[in-house]
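# Observations on the three-dimensional arrangement
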Amino acid sequence: MHKKTRILWLLFLLLVLPARESRGAVGCDLNDPDRDVARLFPGSTGFKTNYVSIDKKGGPALLAQIEDRLGDQFQGLYETIDVPYTLYEVFKGKEKIGYIHGVNEKGQYGGLQVFLALDLNGVIKTFYFQKLTSKYGRELRDSTFGDQFVGLSLKDFYRYDVKTGSTGGDAALEKIKNPVPEAEPDFKAALRATKKNLILVDEFILDNKYLPYHQAAGGTKS
């Protein structure tokens, strides 16, 4: 190989490979935290941002436990062990009033981001897509779809099988209807993202408040 060509090739490797590695872990932040927190929690006066990853909190053992709770394995750029999760604690004065957390998920036509605003017990106050790459985005973004998640918690979503889409007969989950039959892959992705979101919040913030419901259903003890 010509000397000049070798030099150019080495420069290419130095520039491109680090860039590829930096894209290995894909986090999920609010686009405009000040605006979004105020919108999701009217009357709030501030928030605290926390960053955590499965890798730093518990490593492969924790990942295995979370996968067991989800009922599926993590895969792809959105679910590497070192993904940085951003958790927002919301305050009114000195009083903590809730949490906001979002996750990335693979949809039928591209990525989607599901954000949940939660009360202090991990109950959903608001569900919304920050990002949604779908032919049926208008129907899925409609408030009538997101409103179906309000009032649900991880206790409900433990009955949801992310692989088959079965609700396990849970009456609350049965009420969540897909607005467009052709959007079934994105509908299932949204429910998987919600269950994953709630499990991570339970692990990272709520001290595994909902873990006993998983154990009662035959899940592995942590």
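Residues numbered from 1 in each chain as written. Predicted model: local features only at pLDDT ≥ 70, side-chain atom pairs only at ≥ 80, totals over all residues. Heavy atoms only, no water.

## Let's talk about the nonpolar core
The biggest cluster of nonpolar side chains holds 46 residues, and the ones touching the most others in it are Ile54, Tyr85, Phe129, Phe157 and Ile176. For this core, the secondary-structure elements that each account for two or more residues are α4 (59-70), β2 (85-92), β3 (95-106), β4 (111-118), β5 (124-132), α7 (154-157) and α9 (184-204). A per-element tally of this core places α9 first, with 10 residues. The residues contacting Phe129, other than those within four sequence positions of it, are Leu112, Gln113, Val114, Leu140, Arg141, Phe145 and Ala190. With 11 residues, the next largest nonpolar core counts Cys28, Leu40, Phe41 and Phe115 among its residues. (Core = buried A, V, L, I, M, F, W, Y, C linked by side-chain atoms within 4.5 Å. Buried < 20%, exposed > 50% of the residue type's maximum accessible area, 1.4 Å probe, protein only. Helix = DSSP H or I, 4+ residues; strand = E, 2+ residues; numbered from the N terminus. Contact = heavy atoms within 4.5 Å.)

## Focus on the pattern of salt bridges
Enumeration over the complete set of coordinates arrives at 12 salt bridges. Here Lys196 ties to Glu105 by a salt bridge, and the two come within 3.0 Å at their closest N and O atoms. One end of the pair, Lys196, is in helix α9; the other, Glu105, is in strand β3, and 91 residues separate them in sequence. Neither Lys196 nor Glu105 differs from the other in exposure class; each is buried. Between Arg138 and Glu139 there is a salt bridge; the shortest N-O distance is 3.4 Å. On the accessibility criterion, Arg138 (68% relative accessible area) is exposed. (Salt bridge = Lys/Arg side-chain N within 4 Å of Asp/Glu carboxyl O.)

## Here's the deal with the side chain of Thr167
Locating Thr167 in the fold gives a position in the loop between α7 and α8 (171-174). We classify Thr167 as buried; its relative accessible area is 14%. For Thr167, the side chain forms a polar contact with the side chain of Glu174, separated by 2.5 Å. Sequence-distant contacts of Thr167, defined by excluding residues within four places in its chain, comprise Arg159, Tyr160, Leu173 and Glu174. (Polar contact = N/O pair within 3.5 Å; in protein donor to acceptor, adjacent residues only side chain to side chain.)

## Topic: the sheet that holds strand β1 (residues 46-52)
In space, the five strands of this open sheet follow the order β1-β2-β3-β4-β5, with antiparallel pairing throughout. Both outer strands of the open sheet, β1 and β5, are each paired with one neighbouring strand and no more. Pairs of neighbouring strands in the sheet enclose a mean axial angle of 20°, with direction left out of account. Here six bridges tie β2 to β3, and the two strands are oriented antiparallel to one another. Along β3, the bridge assignment pairs Val90 with Gly98. Packed on one face of the sheet, helix α2 (residues 33-40) meets β1, β2, β3, β4 and β5 and runs near 145° to β5. α9 rests against β1, β2, β3, β4 and β5 of the sheet, and its axis sits at about 135° to β3. (Pairing = 2+ DSSP bridges. Axes fitted to C-alpha atoms, helices over the stretch in contact; angles between N-to-C directions.)

## A word on α4
An ideal rise of 1.5 Å per residue puts 16 Å on 12 residues; α4 measures up with 17 Å between its terminal C-alpha atoms. By the burial criterion, the buried members of α4 are Gly59, Leu62, Leu63, Ile66, Glu67, Arg69 and Leu70. In a view along the axis of α4, the buried residues occupy a sector of 160°, so they form one face of it. Contact partners of the buried residues in α4: α3 (54-57), α7, α9 and α10 (211-216). One or two residues past the end of α4 sits Gly71, with phi positive at roughly 85°. (Expected span 1.5 Å × (residues − 1). Arc of directions from axis to C-beta.)

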